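# Fold and contact review
So the chains spell out like this:
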Amino acid sequence: MKLKNDTMKIGILTYHRSHNYGALLQAFSLKTFLCESGNDVGMIDYWPDYHAHDYALIPYFRFLGPITKLKAIILFIIGYPRILKRSLKYRHFIRDQFNLGNKVMFSDSSALNTLVYDVVIYGSDQIWRNQNYPFFKGFDEVYFGIKMPDVKRKIAYAASMGVMNIMSEADSLFIKRMMNNFYAISVRESELKKTLEDICKYNIHLVLDPIFLLDKQKWISFIPPRKIHRKYILLYQLVLSEDSVKLTDKLQQLFGYSVIEIQGRVDPLLFGNRYRQTESPFEFLSLLYYAEFIVSTSFHGAAFAIIFEKQFYAIGMGNNSSRIKTLLSSLGLENRYLLSSKDADSKESIDYTKIYNRLKITRDASIRFLNNAIYAKSIGVSE
């Protein structure tokens, strides 16, 4: 709900060009929510080279050794039609939903100082992670509120560090200094909340990922017509996991459903009706919505399973499990995160009538934080 009649000019700084379903859909959800409140909202098109290389058709090609390059070229040739098709669908989504062309506006941070907004929202996604790319390592200051001095208010919404790797005193001092750039700060992992509060002594809020800002019916309105009419288990492997495959096979034997699998990137050597490798973000939502059961190694795969009220398990996330554990704990669904496929109790179903009220409370609190941070003056970081 908008609290003022005047239109706010709001910029969103996140991983908006990632060729990743969760990253794009969380950015889309935040933008849609803010636009529906009557604001003038746009993506700040900051996309440095280290990001661009990560989502190239052959990632980091010039950094590969001769033999690895040859293997990469062979695999690329085999998978080219599927790789290109999926890449184009990501680009079309970015064009249509974020009004951005293929050319990045800000590949470095120097020109960001010319931008003027009432509010810039930083997040969600792992914008605060300690980067470890071939030619960029460490924290990217841009995502911590550096630059854009004419912005009236900077807000961190559901920001994340991914794997918690603040290892040194220098890291802690950097984080403490950077948090001063924000008017209000929220994160989506309880572990990160505690870490930041210990470092900064600020009031850090715990909120839901932006995909929860839109309700089930709103998400359904974006889903294209169903293409797979048989009953199936969806396996979404963002992080490749043998245990997730074992669990899916176990569920297939139990229920007798077929299996549909989608991965974070196109695997040129995978063929057959089981594998869906060229879906757009909205087609990805369709796969989730029409599934009978979902197995996911991705936070957003499990989160959408909750929104669509599906039976699901999250598994195989390893050191990246903090955010899913925080979400599941808040909803009383701790047993849906598995360390091993052996831990699954396939006969136990989720009763979403018990989950709805908990989710509504946390969703309302997240919306309240966001509205207060944008429009009010009573939620500063020092309070």
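Just so you know, these numbers come straight off a predicted model, no measurement behind them. (Residues numbered from 1 in each chain as written. Predicted model: local features only at pLDDT ≥ 70, side-chain atom pairs only at ≥ 80, totals over all residues. Heavy atoms only, no water.)

### Details of the pattern of salt bridges
- Counted by the stated rule, this structure contains 16 salt bridges.
- For Arg188, the salt bridge goes to Asp125, with nearest N and O atoms at 4.0 Å. Here Arg188 is found in the loop between strand E7 (184–187) and helix H5 (190–200), whereas its partner Asp125 is found in the loop between strand E3 (119–122) and strand E4 (131–133), with 63 residues between them in sequence. Here the two residues Arg188 and Asp125 agree in accessibility, since each one is buried. (Salt bridge = Lys/Arg side-chain N within 4 Å of Asp/Glu carboxyl O. Helix = DSSP H or I, 4+ residues; strand = E, 2+ residues; numbered from the N terminus. Buried < 20%, exposed > 50% of the residue type's maximum accessible area, 1.4 Å probe, protein only.)

### Some details on the packing of aromatic side chains
- Across all of its chains, the model carries 36 aromatic pairs by this definition.
- Ring geometry for Tyr289 versus Tyr290: centroids 4.9 Å apart, planes at 75 degrees, classification edge-to-face.
- Classification of Tyr290 as partly exposed rests on a relative accessible area of 22%.
- Counting every residue linked through ring pairs, the aromatic cluster contains Phe28, Phe93, Phe98, Trp219, Phe222, Phe282, Tyr289, Tyr290, Phe304 and Phe308.
- Taking NZ or CZ as reference, Lys69 lies 5.1 Å from the ring centre of Phe61, over its face. (Phe/Tyr/Trp six-rings, centres within 6.5 Å; stacked < 30°, edge-to-face > 60°. Lys NZ or Arg CZ within 6 Å of the ring centre and 35° of its normal.)

### Let's talk about the side chain of Asp209
- Residue placement: Asp209 occurs in the loop between strand E8 (205–206) and helix H6 (216–220).
- The exposure class assigned to Asp209 is buried, which follows from its relative accessible area of 2%.
- Among the polar contacts made by the side chain of Asp209, one reaches the side chain of Arg188 at a distance of 2.6 Å.
- Once residues lying within four places of it in the same chain are set aside, the contact partners of Asp209 are Gln26, Ser124, Ala158, Arg188, Phe299 and His300. (Polar contact = N/O pair within 3.5 Å; in protein donor to acceptor, adjacent residues only side chain to side chain. Contact = heavy atoms within 4.5 Å.)

### A short note on the packing of helix H3 (residues 66–98) against helix H8 (residues 281–289)
- Where H3 contacts H8, the axes come no closer than 9 Å and their chain directions differ by 105 degrees. Accordingly, the angle class assigned to the pair H3 and H8 is roughly perpendicular. On the side of H3, the interface is formed by Lys89, Tyr90, Phe93 and Gln97, while H8 contributes Pro281, Phe282 and Glu283.
- Here the contact of H3 with H8 is built from residues that sort into four nonpolar, one polar and two charged. (Axes fitted to C-alpha atoms, helices over the stretch in contact; angles between N-to-C directions. Parallel < 35°, antiparallel > 145°, perpendicular 65-115°, else oblique. Nonpolar A, V, L, I, M, F, W, Y, C, P; charged D, E, K, R; others polar.)

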